[in-house]
Amino acid sequence: MASTTTSTTWDKSKPYFPVAGLADDGWSTDDEATASCFCGAVQLSFPTHGPGFVGSFICNCSDCHKLTASIHASNFTVLDTHLKHLRGQENLKTFAQSKTIFFKEPGKENTMTNYFCSTCGSLMYRVGAAFPGMSILRLGSVDDFTLMETKLRPTMEQYTKDRVSWKAPTEGTTQFVEDGLHGLV
Ligand SMILES: [Zn+2]
Ligand SMILES: [Zn+2]
């Protein structure tokens, strides 16, 4: 019989690095942690609290829907001044467009550029003209899974107007029908 509990089974007072890709050298400290692509060629490090860490959020917009090949994206934002490429920066390819980026300000550029591993295709982060000075990383690429329950737990959920009907509002998040990120920043 299927379990109805929503709790996870690992000890969330400790770092947890399950086998989730080919990299086996992910780490976390009190201040920083790593994110790796699926094949391990690309590894980033980022701060897990302010001032370099901006916030963590769920996005249900149709762009994130298609982009993730899932039904929502789980993201976190980091100031570019605090994002480090530990390896594989030369292995990142980019793809940029603006058609599906819904946050627009009159007369302003809103192109969003995706940076993904050219070997395994993992999307590592996005950089948007409408979000200057920061990169939007992916919660699922973080190597220490405990951080998704603690410091990186989403506090905001946006574009709920496009959320599938069978997915409940994310527990503990402030809900926004459309853009919420500009309120977070
Ligand atoms: Zn890769
Ligand atoms: Zn989105």
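See above for the structure.
Fair warning: this is a prediction, and the values are worked out from it, not measured in the lab.

Novice: Can you explain the overall build of the chain? Please cite residues and give values.
Specialist: Scanning the chain from terminus to terminus reveals two helices and 11 strands. Overall, the chain shows an N-to-C arrangement of helices and strands of β-β-β-α-β-β-β-β-β-β-β-β-α. The globule rule puts the C-alpha radius of gyration for 185 residues at 16 Å, and the 16 Å found for the chain is close to it. Each principal axis of the C-alpha distribution contributes one length, and for the chain these read about 50 × 45 × 30 Å. Expressed as a percentage of the 185 residues in the chain, the buried residues total 32%. Of the contacts formed within the chain by residues at least 6 apart in sequence, a portion of 55% connects residues at least 24 apart.

Novice: Outline the sheet that holds strand β5 (residues 84-87), listing residues and values.
Specialist: Paired through their backbone hydrogen bonds, the strands of a sheet run either parallel or antiparallel. Strand order in the open sheet formed by three strands is β1-β2-β5, and the pairing between neighbours is antiparallel. The open sheet terminates on both sides in strands that have one partner only, identified here as β1 (32-36) and β5. Taken over all neighbouring pairs, the strand axes of this sheet differ in orientation by 30 degrees on average, direction set aside.

Novice: So what's going on with the environment of E105? Which residues, and what values?
Specialist: In this fold, E105 is placed in the loop between β6 (92-97) and β7 (112-117). On the neighbour-count criterion, E105 (10 C-beta atoms within 10 Å) is exposed. In the structure, E105 is positioned 41 residues away from T146 in sequence and 37 Å away in space, judged by C-alpha atoms.

Novice: So what's going on with the nonpolar core? Residues and values would help.
Specialist: Among the nonpolar cores identified, the biggest contains 20 residues, and A35, F46, V78, M124, Y125, L137 and V142 are the most heavily contacted of them. Of the residues forming this core, the biggest block, three residues, is contributed by strand β9 (residues 134-138). Contact partners of Y125, with chain neighbours within four places excluded, come to Y115, S135, I136 and L137.

Conventions and cut-offs
- Residues numbered from 1 in each chain as written.
- Chains lettered and ligands numbered in written order.
- Predicted model: local features only at pLDDT ≥ 70, side-chain atom pairs only at ≥ 80, totals over all residues.
- Helix = DSSP H or I, 4+ residues; strand = E, 2+ residues; numbered from the N terminus.
- Rg over C-alpha atoms; globule rule 2.2 N^0.38 Å.
- Buried ≥ 20, exposed ≤ 12 C-beta atoms within 10 Å, placed from the backbone.
- Contact = placed C-beta atoms within 7 Å.
- Pairing = 2+ DSSP bridges.
- Axes fitted to C-alpha atoms, helices over the stretch in contact; angles between N-to-C directions.
- Core = buried A, V, L, I, M, F, W, Y, C linked by C-beta atoms within 7 Å.

Remember, this is a structural readout, not a statement about activity or role.
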